[in-house]
Amino acid sequence: MDVDTRLLRYFVAVAEEGSLTRAAERLFVSQPALTKQIRQLEAGLGVDLFTRSRTGMALTEPGRALMERVPALLAGWEAARREARTAASRAARVLRVGFLASAANEATQPIVAEFARRRPGWRAEMRQAAWSNPSAGLADADVDVALVRLPFPGQEALRVLPLFSEARCVALAATHPLAARGTIAFRELWDEPFVAAPPATGRWRDHWLAADERDGHPVRVGAVTEQPDDWLSAIANGYGIALAPESAARFYSRPGVVYRPVTGVSPSRVAVAWAPADDDNPVVQDFVRCCRETRVVT
């Protein structure tokens, strides 16, 4: 059978964690979905890869044999895919730059301009990613480098250079009772419904819900969105409020939505990220240098 590499990645996660629950958390998928994928892999191979018990998931003899080969196979495939895409970009003299929302705010254009100056004939192709993809395509090798917001799932496997930080504010419907306030304490918002990113984004979603800054107070989710336009619509329609970087008031103004300073939450951090395999890629490193030299620390 032809096996989807995604199934093999799921297999490795379950094997390493020894638990469907922990593996699902690591992969940012639901446990039922992960169970279905593992059974699909077993059915396709015609073998049982795990023995299930109350204590977790243990590899069978066929499972151990597969586990001996799969990590190297996945690493080889990822390297081959990245090399093929990098070769295509070099041939076209295009650097694929992933980004989320407002990227590096007002620093974005100077970064791109400086890259063009350093690399005549090259073009930085900006590719916006949905909030369901907080690595902005870098984790899947869809881009060569990315402007991201920290933290995001899987960042430990990448090179990450923080560029600057900015305070977070709160976005509310203009009709919200707190919209007339000058500054709002985050504690006053704990019982409000929030507009959230998809659950699969893990740490990214938690950061924008300030889940770790509520003294254990549970989060209420009023709506889930993946794109800025949908996010603004949900807020304007009163489905929830949301934390946002202060720059959102400049880049995402909309009738019916107001932004107010909020106290009691940590700032947002913008970073440039790239794959370790590109540590010696001169084009990627030129872009990183452009980011470093134009970064603004607040």
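Residues numbered from 1 in each chain as written. Predicted model: local features only at pLDDT ≥ 70, side-chain atom pairs only at ≥ 80, totals over all residues. Heavy atoms only, no water.

Asks: Hey, could you run me through the layout of surface pockets in this one?
Replies: Gaps between atoms show up when a probe of the same size as a water molecule is rolled over them. Roughly 1100 Å³ of volume is contained in the largest pocket. Along the wall of the largest pocket there are 32 residues; nearest its centre are Arg9, Ala139, Asp140, Pro153 and Gly154. Mapped by element, the contributors of at least two residues to the lining of the largest pocket are α1 (5-17), α2 (20-27) and α4 (61-92). The element best represented in the lining of the largest pocket is α1, accounting for 6 residues. Here the lining of the largest pocket is composed, by residue class, of 18 nonpolar, 5 polar and 9 charged. (1 Å grid on protein atoms, 1.4 Å probe; cavity = no way out; pocket = protein on both sides within 12 Å on 5 of 7 lines; lining within 4 Å. Points joined across faces, edges and corners; volume = space filled by probe spheres on them. Helix = DSSP H or I, 4+ residues; strand = E, 2+ residues; numbered from the N terminus. Nonpolar A, V, L, I, M, F, W, Y, C, P; charged D, E, K, R; others polar.)

Asks: How should I be thinking about the state of the cysteines in this particular structure?
Replies: Any covalent bond linking the sulfur atoms of two cysteines counts as a disulfide. Considering all chains together, one arrives at 0 disulfides under this definition. Of the cysteine sulfurs around cysteine 290, a residue in no disulfide, the closest is that of cysteine 291, at 6.9 Å. (Disulfide = S-S within 2.5 Å.)

Asks: Just checking my understanding: could you explain the nonpolar core for this structure?
Replies: A general trend in soluble globular proteins is that nonpolar side chains are found buried together. Residues Val148, Val170, Phe186, Leu189, Trp231, Leu243 and Tyr259 are the most contacted members of the largest nonpolar core, which totals 47 residues. Breaking this core down by element, the ones donating at least two residues are β5 (145-150), β7 (168-173), β9 (193-196), α6 (203-209), α7 (228-236), β11 (242-245), β12 (257-263) and β13 (268-274). Beyond its immediate sequence surroundings of up to four residues, leucine 189 is in contact with Val170, Leu178, Ile184, Phe194, Ile241 and Val262. Counting residues in each nonpolar core, the second largest holds 24 residues, with Ala104, Ala124, Leu161 and Trp274 among its members. (Core = buried A, V, L, I, M, F, W, Y, C linked by side-chain atoms within 4.5 Å. Buried < 20%, exposed > 50% of the residue type's maximum accessible area, 1.4 Å probe, protein only. Contact = heavy atoms within 4.5 Å.)

Asks: Mind showing me how you'd approach the pairing of strand β4 (residues 123-129) here?
Replies: Successive side chains on a regular strand alternate, one facing one side of the sheet and the next facing the other. Pairing of strand β3 (residues 94-100) with β4 involves 7 bridges; the strand directions are parallel. Within β4, the residue paired with glycine 98 across the bridge is arginine 127. The parallel pair β3 and β4, bridged by helix α5 (residues 108-118), forms a crossover whose chirality is right-handed. (Pairing = 2+ DSSP bridges. Right-handed = clockwise from strand over helix to strand, strands pointing away.)

Asks: Sorry, what's going on with α7 here?
Replies: For α7, the full list of buried residues reads Pro228, Trp231, Leu232, Ala234 and Ile235. Summarising the axial view, the buried residues of α7 lie within an arc of 160°, below the 170-degree limit, and thus occupy one face. Packed against the buried residues of α7 are β4, β7, β9, β10 (220-224), β11 and β12. Backbone geometry just after α7 places glycine 238 at a positive phi near 80°. (Arc of directions from axis to C-beta.)

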